[in-house]
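One-letter residues, chain by chain:
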Amino acid sequence: MMENNYLNYKGRPLVRCGSEMYYGSMSEKYIVFIREIATKKVNDVDVGSKFEIQLRFTDPDIKGKGKIVKSIERASFADALELAEAWLNRHNAQK
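Residues numbered from 1 in each chain as written. Predicted model: local features only at pLDDT ≥ 70, side-chain atom pairs only at ≥ 80, totals over all residues. Heavy atoms only, no water.

Engineer: Quick question: what am I supposed to make of the overall build of the chain here?
Structural biologist: From N to C terminus, the chain includes 1 helix and 7 strands. The N-to-C order of helical and strand elements in the chain reads β-β-β-β-β-β-β-α. Its C-alpha atoms give the chain a radius of gyration of 14 Å, within 12% of the compact-globule value 12 Å for 95 residues. Each of the three principal axes of the chain carries a C-alpha extent, and together these read 45 × 30 × 20 Å. Counting every position in the chain, which comprises 95 residues, the buried fraction comes to 29%. Surface exposure of the chain reaches about 6,200 Å², of which carbon and sulfur atoms provide 52%. Averaging the locations of the 16 positively and 13 negatively charged side chains of the chain gives two centres separated by 5 Å. (Helix = DSSP H or I, 4+ residues; strand = E, 2+ residues; numbered from the N terminus. Rg over C-alpha atoms; globule rule 2.2 N^0.38 Å. Buried < 20%, exposed > 50% of the residue type's maximum accessible area, 1.4 Å probe, protein only. Areas by Shrake-Rupley, 256 points an atom, 1.4 Å probe, with all protein chains shown as cover. Lys, Arg positive; Asp, Glu negative; His and termini not counted. Charge placed at Lys NZ, Arg CZ, Asp CG, Glu CD.)

Engineer: Explain the packing of aromatic side chains here, please?
Structural biologist: For any pair of aromatic rings, geometry is given as the distance between the ring centres together with the angle between the planes. Scanning all chains against the criterion turns up 4 aromatic pairs. Cation over ring: Arg-56 sits above Phe-33, and NZ or CZ is 4.1 Å from the ring centre. (Phe/Tyr/Trp six-rings, centres within 6.5 Å; stacked < 30°, edge-to-face > 60°. Lys NZ or Arg CZ within 6 Å of the ring centre and 35° of its normal.)

Engineer: Even after reading the chapter, I still don't get the environment of Arg-56, so can you show me in this structure?
Structural biologist: Summarising the element assignment, Arg-56 is placed in strand 6 (residues 45–57). Beyond its immediate sequence surroundings of up to four residues, Arg-56 is in contact with Tyr-22, Lys-29, Tyr-30, Ile-31, Phe-33, Lys-67 and Ile-68. In this structure the side chain of Arg-56 is engaged in a polar contact, spanning 2.7 Å, whose partner is the side chain of Gln-54. (Contact = heavy atoms within 4.5 Å. Polar contact = N/O pair within 3.5 Å; in protein donor to acceptor, adjacent residues only side chain to side chain.)

Engineer: What is the right way to read helix 1 (residues 77–93) from this model?
Structural biologist: Since the α-helix turns once every 3.6 residues, residues separated by three or four places project in the same direction. The end-to-end C-alpha separation of helix 1 is 24 Å, in line with the 24 Å expected for 17 residues at 1.5 Å each. For helix 1, the complete set of buried residues consists of Ala-80, Leu-81, Leu-83, Ala-84, Glu-85, Trp-87, Leu-88, His-91 and Asn-92. Buried positions along helix 1 lie against strand 2 (6–9), strand 3 (12–17), strand 4 (20–23), strand 5 (30–42), strand 6 and strand 7 (68–74). (Expected span 1.5 Å × (residues − 1).)

Engineer: What's the story with the nonpolar core in this structure? I'm lost.
Structural biologist: Where a protein is soluble and globular, its nonpolar side chains tend to be buried together. Within the largest apolar cluster, 15 residues are counted, with the highest numbers of intra-cluster contacts made by Tyr-23, Val-32, Ile-34, Ile-53, Leu-55, Trp-87 and Leu-88. When residues of this core are traced back to their parent elements, those giving at least two are strand 4, strand 5, strand 6 and helix 1. Examining the composition of this core, we find that 6 residues originate from one element, helix 1, more than from any other. Aside from chain neighbours lying at most four places away, what touches Val-32 is Met-21, Tyr-22, Tyr-23, Ile-53, Gln-54, Leu-55, Ala-84, Trp-87 and Leu-88. (Core = buried A, V, L, I, M, F, W, Y, C linked by side-chain atoms within 4.5 Å.)

Right, here's the structure in full:
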């Protein structure tokens, strides 16, 4: 699905720039940053084999490492995206 020129996954924007991706909406309290940190060759194509996932505050007044709420690594993009979805559902639902 495309909305506002962004790919959406489960109703949230997923924006990619190179090996970095942002998942979620800046209008919510949290967003997830996903970075591909390792690749492997599969049929002469580089495929992501390790991803860093960070839950971050969207507040522009919070700077540097203070933005990061939690961080973990996963071996597949599918696992990273499912974890990101769970984190956003849980943390953005809190008041």
